Amino acid sequence: KYGNGIDSNRAHHTQMMERLLGWYRGDGWFIDGNNRGFDYYNFWGFQLFNQMVYQYDPIWKEQFGKRIQDISSRLLKTVPYQYARNGGHIPWGRSLTYRFASNAAIGWAMINGNSTLSPGVARRILSGNLKYFWENGCMGENGLLNIGYLGKNQSLAENYIVPGDPYFAMHGLCCLLLPENHPFWKVKEEPMPADIAGGKVAVEGAQFSLNVSPVDGDARLYPAGQPFDRTIWQSPVKYNQHAYSATIGFCLTGEGGEDIGAGRTGYSYDGKQWMYRLRSRTLFIKPDHIASIYHLQSIGKEDRTPEFQKDELITHTLIGNDGEVHIFWHNYPDPLYLSVGGYGISIPNGDTLQETPSKQGLCIHGGDYYSTIQAVCTPEGNLYSTLLTPRKGWKHTHLFGGLGAYCSWQSKAGVPPHTPVVVYVNGTKDRVPANVKINVARTYNGLVITFEGKQFQIKIID
């Protein structure tokens, strides 16, 4: 029986539990239901409720407990790489207004005694994350958690979000269920990767790599595969950028807003109407090198071409300690216009967007933030900056509030197939991005790129 005395169908619910566990894909990560994607619902959905099952249902604990423990332990191996030195976690995916609910997976594993994180590291992550949101305006002037990320920001909301939804963040305070004599409260906080040497890890189960920079402690996520279609939830900016940064955030135009090229590769048949990275599929994932591919879509007519016959845009990302190198090309038989966008930064209201061009690059600046793009080895092209003004009735075009701005490169003419474009991008806070030296050498079947002292082989035609 349920707690209120109503009969329950345990056999049916057990079948549903088995189905849920069937969505597991490894490394502690589940697909987000039938949309087959990955996002933070893994933390504030799957991990949270699996751990509650472990805690409160002895029958299911006996049946599923070992699987839940194994899933949790694998997740916690890489979770510390999702948090920046300032305490913020990497924002990506939907329902980001839940904010510090992301801590639920760590807190419940500690409650259940199956955490593989030391109590000191766990408290460093949880206290730092709560401090980050508390000190950056999550509590509104009305004393409520309003819809937004740092402060109030309706542009972040999906069409299912209502004013009470931000209070899902309370799940991130589950550590308060620990008794006062628990080591979580008693031991000294210990450093997480962002506090020391940083590091890079591949999370193949969720098809992304993580990087914590030793330069400034920023945490970044590089999604290789998101092989699904979303028609809602602002999927272009929340799922399909090449990188997501805890320190920089990203541009957005709100539910139903225009598609933008910030942080994404793009293509055009005529140089006027652009389409951008969508439904990417993983080619391979390494800690410092990922590759993905996505199909080119037709315009002006319904596309009935079978998937296996569609042409493609291939992308590689070299993950550095301070910025990334993107390499991309297409295999469409005719030349295509190509583009790539850099990091989207927040320009505070009342500030102006500043541009600093160089021979091969462009750096934009506003408030405390910088975004840079450098044409390393490209066909003839132009560098642009874009300032996103809010739609009527909206106030912000950036996750952190204010106006979003990004820089981008676009080819001047159509680029022939199998012609690689090589660009460097970075986003920084409180410092001008450093100049980098990248060497590109051509081989009979591709490129050899030297970046931060390491050589990377890029095969264009295998």
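Since this is a predicted model, take the numbers as computed values, not measurements. (Residues numbered from 1 in each chain as written. Predicted model: local features only at pLDDT ≥ 70, side-chain atom pairs only at ≥ 80, totals over all residues. Heavy atoms only, no water.)

Caption draft 1: Examining the pattern of salt bridges more closely. Applying the stated criterion across every chain, the model contains 17 salt bridges. The partner of Lys131 in a salt bridge is Glu135, with the nearest N and O atoms 3.2 Å apart. Pair noted here: Lys131 and Glu135 are both in helix H5 (residues 119-135), with a separation of four residues, about one helical turn. On the basis of relative accessibility, which here comes to 54%, the residue Glu135 falls in the exposed class. The partner of Arg220 in a salt bridge is Glu324, with the nearest N and O atoms 2.9 Å apart. Residue Arg220 is located in strand S5 (residues 219-223), and its partner Glu324 is located in strand S12 (residues 324-330); the two are separated by 104 residues in the primary sequence. Overall, the relative accessible area of 0% leaves Glu324 in the buried class. Residues joined in a network through salt bridges with shared partners are Asp32, Asp39 and Arg94. (Salt bridge = Lys/Arg side-chain N within 4 Å of Asp/Glu carboxyl O. Helix = DSSP H or I, 4+ residues; strand = E, 2+ residues; numbered from the N terminus. Buried < 20%, exposed > 50% of the residue type's maximum accessible area, 1.4 Å probe, protein only.)

Caption draft 2: Molecular detail of a nonpolar patch on the surface. Taken together, the side chains of Trp134, Met139, Leu144, Tyr167 and Met170 present a nonpolar region at the surface, about 480 Å² in accessible area. Along the chain, Met170 turns up in the loop between H5 and helix H6 (183-186). (Patch = residues over 30% accessible without salt bridge, like charges linked within 9 Å, V, L, I, M, F, W, Y side chains within 5 Å. Areas by Shrake-Rupley, 256 points an atom, 1.4 Å probe, with all protein chains shown as cover.)

Caption draft 3: Up close: helix H2 (residues 41-56). Helix length check: H2, at 16 residues, gives a terminal C-alpha distance of 21 Å against a target of 22 Å (1.5 Å per residue), a fit within 8%. Approximately 25° is the largest bend angle found in H2, and it occurs at Leu48. Burial within H2 is extensive, with twelve of its 16 residues counted as buried. All of the buried residues in H2 are Tyr41, Asn42, Phe43, Trp44, Gly45, Phe46, Gln47, Leu48, Asn50, Gln51, Val53 and Tyr54. Contacts from the buried residues of H2 go to helix H1 (10-21), strand S2 (29-30), helix H3 (58-78) and helix H4 (104-111). (Expected span 1.5 Å × (residues − 1). Bend = angle between axes of the 7 residues up to and from the residue. Contact = heavy atoms within 4.5 Å.)

Caption draft 4: Broad picture of the sheet that holds strand S10 (residues 289-295). The eight strands are arranged S9-S10-S11-S12-S20-S17-S16-S15 in an open sheet whose pairing can be described as antiparallel. If you trace the sheet from one side to the other, it starts and ends with strand S9 (281-286) and strand S15 (354-357), each paired once. Going from strand to strand, the sheet's axes swing by 15° on average, the running direction of each strand aside. Relative to strand S20 (residues 421-429), strand S17 (residues 369-377) is paired through eight bridges, and the arrangement is antiparallel. Paired with Tyr370 across the strands is Thr428, a residue of S20. (Pairing = 2+ DSSP bridges. Axes fitted to C-alpha atoms, helices over the stretch in contact; angles between N-to-C directions.)

Caption draft 5: Geometry of the layout of surface pockets. In this model, the largest pocket occupies a volume close to 370 Å³. Thr356, Ser358, Cys363, Thr372 and Asn435 are the residues nearest the centre of the largest pocket, which is lined by 21 residues in total. Secondary structure elements with two or more residues in the lining of the largest pocket: S15, strand S16 (361-366) and S17. Ranked by residues supplied to the lining of the largest pocket, first place goes to S16 with five residues. Looking at the lining of the largest pocket residue by residue, the class counts come to ten nonpolar, nine polar and two charged. (1 Å grid on protein atoms, 1.4 Å probe; cavity = no way out; pocket = protein on both sides within 12 Å on 5 of 7 lines; lining within 4 Å. Points joined across faces, edges and corners; volume = space filled by probe spheres on them. Nonpolar A, V, L, I, M, F, W, Y, C, P; charged D, E, K, R; others polar.)

Caption draft 6: Looking closely at the state of the cysteines. For the structure shown, the criterion picks out zero disulfides. The closest cysteine sulfur to the non-disulfide-bonded Cys251 is located on Cys407, 10.0 Å from its own sulfur. Free cysteine: Cys407, not disulfide-bonded; nearest cysteine sulfur from Cys363 at 7.2 Å. The buried category is assigned to Cys407, whose relative accessible area is 0%. (Disulfide = S-S within 2.5 Å.)

Caption draft 7: Spatial organisation of the packing of aromatic side chains. According to the stated counting rule, one finds 27 aromatic pairs in the structure shown. Aromatic side chains Trp29 and Phe43 sit 5.5 Å apart centroid to centroid with 40° between the ring planes, which places their arrangement in the tilted category. One end of the pair, Trp29, is in strand S2; the other, Phe43, is in helix H2, and 14 residues separate them in sequence. Note on Phe43: relative accessible area 1%, which makes it buried. Ring centres 6.4 Å apart and planes at 40° place the aromatic pair Tyr267 and Tyr294 in the tilted group. With Tyr267 in strand S7 (residues 265-268) and Tyr294 in strand S10, this residue pair connects regions lying 27 residues apart in the sequence. Assigned by exposure class, Tyr267 and Tyr294 land together as buried. By way of ring pairs, the aromatic residues Trp29, Tyr40, Tyr41, Phe43, Trp44, Trp92, Tyr98, Phe168 and Phe208 are connected into one cluster. Positioned above the aromatic ring of Phe284, the side-chain terminus of Lys286 is 5.3 Å from the ring centre. (Phe/Tyr/Trp six-rings, centres within 6.5 Å; stacked < 30°, edge-to-face > 60°. Lys NZ or Arg CZ within 6 Å of the ring centre and 35° of its normal.)

Caption draft 8: Examining the sheet that holds S5 more closely. Strands sit in the order S3-S4-S5-S6 across an open sheet of four strands; the sheet is antiparallel. Taken across any chain shown, the strands that pair with only one partner, and hence form the sheet edges, are strand S3 (199-203) and strand S6 (244-245). Relative to S5, strand S4 (residues 208-212) runs antiparallel, the two sharing five bridges. The residue of S5 that forms the bridge with Asn211 is Arg220.

Caption draft 9: Highlighting unusual backbone geometry. Its identity as a non-glycine residue notwithstanding, Gln207 has a phi of 60°, on the positive side. Positionally, Gln207 belongs in the loop between S3 and S4.

Spatial relationships are all this shows, so hold off on functional conclusions.
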